[in-house]
Amino acid sequence: MSGAEEVKFSLKVVVNKQKNKVLFAEANSDFVDVLISFLTLPLGAVVRVLKKHYGDKEAPTFGSLTSLYNGLSNLDSRHFWTEGLKEILLNPRSSFYAEFLKLKLDISDTQPTEYFTCENQYKYCPGKNLRLSCLSIYYDTAICFCRHEMTRKLGTKMCRAGNGGCEVFTRNTAPFIISDDLQIFPNSTNFIRILGNLGITDMDFGYPRIVTFGFSEMMDLLKGSLLSRTPLTDVLLNNRREVDDFAGLKFELEKLAPKKEEATYSNSKKMILKVMVQKSTNKILFARAEEDFVNFLCVLLAVPLGAVECLLDNRTCLKAIDNLYGSIADNMDKHLVTPEMKNRLMKGNLPHGYISQNQTISLSEESFNHTYTISSRRKKNVQFSSATFVKGRGKYIRGPTMYKVTDDLTVTPSSMASIVSDLKEQNIRLSDIQELELEIGSEEALSILRASLTSTSALSGGLKINTTMLMKQPKQEQ
């Protein structure tokens, strides 16, 4: 929103001076709404806004998602079916765009929605004779009745951002209590229960302070929610860590291995991944993948944090984000604006058009309105043609061809010369390498997603190659 730098919140914070730790903060619904908006941010948007705020050199590394985002950004546009498809991955939309506009402080950096149609709309387009408009919010990714791409800008849907005071996610009734690790409790919750949940004993009672919280602090809090178990303390008491918290999160990743799902996702599609493993370390050096696996990685950038929580059963290893999502699930029923809002936040639907019909993991998307307002007095039926991407929904990368995916999910075209050069640079002997052919289904895809949140070795962390797997594979031809 314009003027975001000038927006300020006033928080009442209770601090334990001996431990130099925030025990809890008390804030109004305007602040809590911004906090909840973290869950609505697509993973790619999280990477983008952090890069924009901190700069490329200072921006925190968000697991393997930063390298996935940067790799797709550097991938030549000719590897995408259209230039617009690359754009919607690097600037993923959120299904909560209308709510962003009402926030007192919008950190999503979301641009106003633009609409596109074909150049023939007012000439000989069949849609004109059918009294329909073929419309898309995605530049050049959709095709019209007349088989032309949507490249003509029709208009911009403009709205003014809110100044606070209006209800967005929560009811504007009473303050909320926020723990150091981002648990949220309505102020009406039983006092003893809150203290118990916060782990506060009689000796812990600290001193109240009034602090001012602005845009920079909110960006620091977003960063801290991804890297730390004590983000409020880190931001408000300037406890900056020289080393991030990923080491502890990686350990927790091992401890919280995904539970086996009771029923495999019915539409799950198996993908073939050829991984190159260093036998001496069981570490994946890189994988060779067809466009279906790369398309799966592309979609991850459009998945909001709330949907990630839903997919991983509130066990992402991002402790603060887990707590934020768990608070919506367990503590906020009477304090959200509507029951439907809770459902939307819990499911985290993607905007219409991002996911394929034969998806690997169980993502859901928002429904869309078939009516587009031409003027204040007249409405017109449309076919919202993001449902017909140039090569079909969820298909971004050109094929058939092979791509190289490194352990940190950097995607590049597969080249034998560059692979040999990389192995030589890393001083890895060919005798220490084995190629495995793996099937990637729903369980493996979710494991890669989980690992990508905290690890810069998402393939190794998600697929967990072991000696038994190496022994079972047939010997390679000499």
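Here, the structure is the one placed above.
Residues numbered from 1 in each chain as written. Predicted model: local features only at pLDDT ≥ 70, side-chain atom pairs only at ≥ 80, totals over all residues. Heavy atoms only, no water.

K.L.:
Tell me about helix α14 (residues 339-347), and please be specific about residues and values.
P.N.:
Inspection of α14 places Met341, Leu345 and Met346 among the buried residues, and these make up the whole buried set. Down the axis, α14 shows its buried residues gathered within 130° of arc, on one side only. Considering only its buried residues, α14 is in contact with α1 (29-37), α5 (97-100), α12 (305-311) and α13 (319-330). A positive backbone phi angle near 65° is found at Gly348, which sits one or two residues after α14. (Buried < 20%, exposed > 50% of the residue type's maximum accessible area, 1.4 Å probe, protein only. Helix = DSSP H or I, 4+ residues; strand = E, 2+ residues; numbered from the N terminus. Arc of directions from axis to C-beta. Contact = heavy atoms within 4.5 Å.)

K.L.:
Provide a residue-level description of unusual backbone geometry, including the pertinent values.
P.N.:
Omega for the bond connecting Gly399 with Pro400 falls within 30 degrees of zero, at 0°, which places this linkage in the cis form. As for its position among the elements, Pro400 is in the loop between β12 (379-384) and β13 (403-406). Positive phi is not limited to glycine here, since Asn314 has a value of about 60°. Along the chain, the position of Asn314 falls in the loop between α12 and α13. The exposure class of Asn314 is partly exposed, given its relative accessible area of 27%.

K.L.:
I'd love a proper account of the environment of Ile107, names of residues and values included.
P.N.:
Its location among the elements puts Ile107 in the loop between α5 and β3 (113-117). What makes Ile107 buried here is its relative accessible area of 4%. Distance from Ile107 to Val49, taken between C-alpha atoms, is 7.6 Å for residues 58 residues apart in sequence. Not counting the four nearest positions on each side in its chain, Ile107 is found in contact with Phe38, Leu41, Val49, Phe215, Met218, Met219 and Leu222.

K.L.:
Please set out the sheet that holds strand β9 (residues 271-278) residue by residue, giving values where relevant.
P.N.:
With antiparallel pairing, the five strands of this open sheet are ordered in space as β14-β13-β10-β9-β15. Edge positions in the sheet fall to β14 (411-413) and β15 (433-440), since each has one partner strand and no second. Between one strand axis and the next, the sheet turns through 30° on average, direction left out of account. Bridging between strand β10 (residues 283-289) and β13 involves four bridges; their strand directions are antiparallel. Its bridge partner lying in β13, Ala289 is registered against Tyr403. Helix α11 (residues 291-300) contacts β9, β10, β13, β14 and β15 of the sheet and is inclined by roughly 45° relative to β13. Packing against the sheet, helix α15 (residues 416-425) makes contact with β10, β13 and β15, and its axis sits at approximately 175° to β10. (Pairing = 2+ DSSP bridges. Axes fitted to C-alpha atoms, helices over the stretch in contact; angles between N-to-C directions.)

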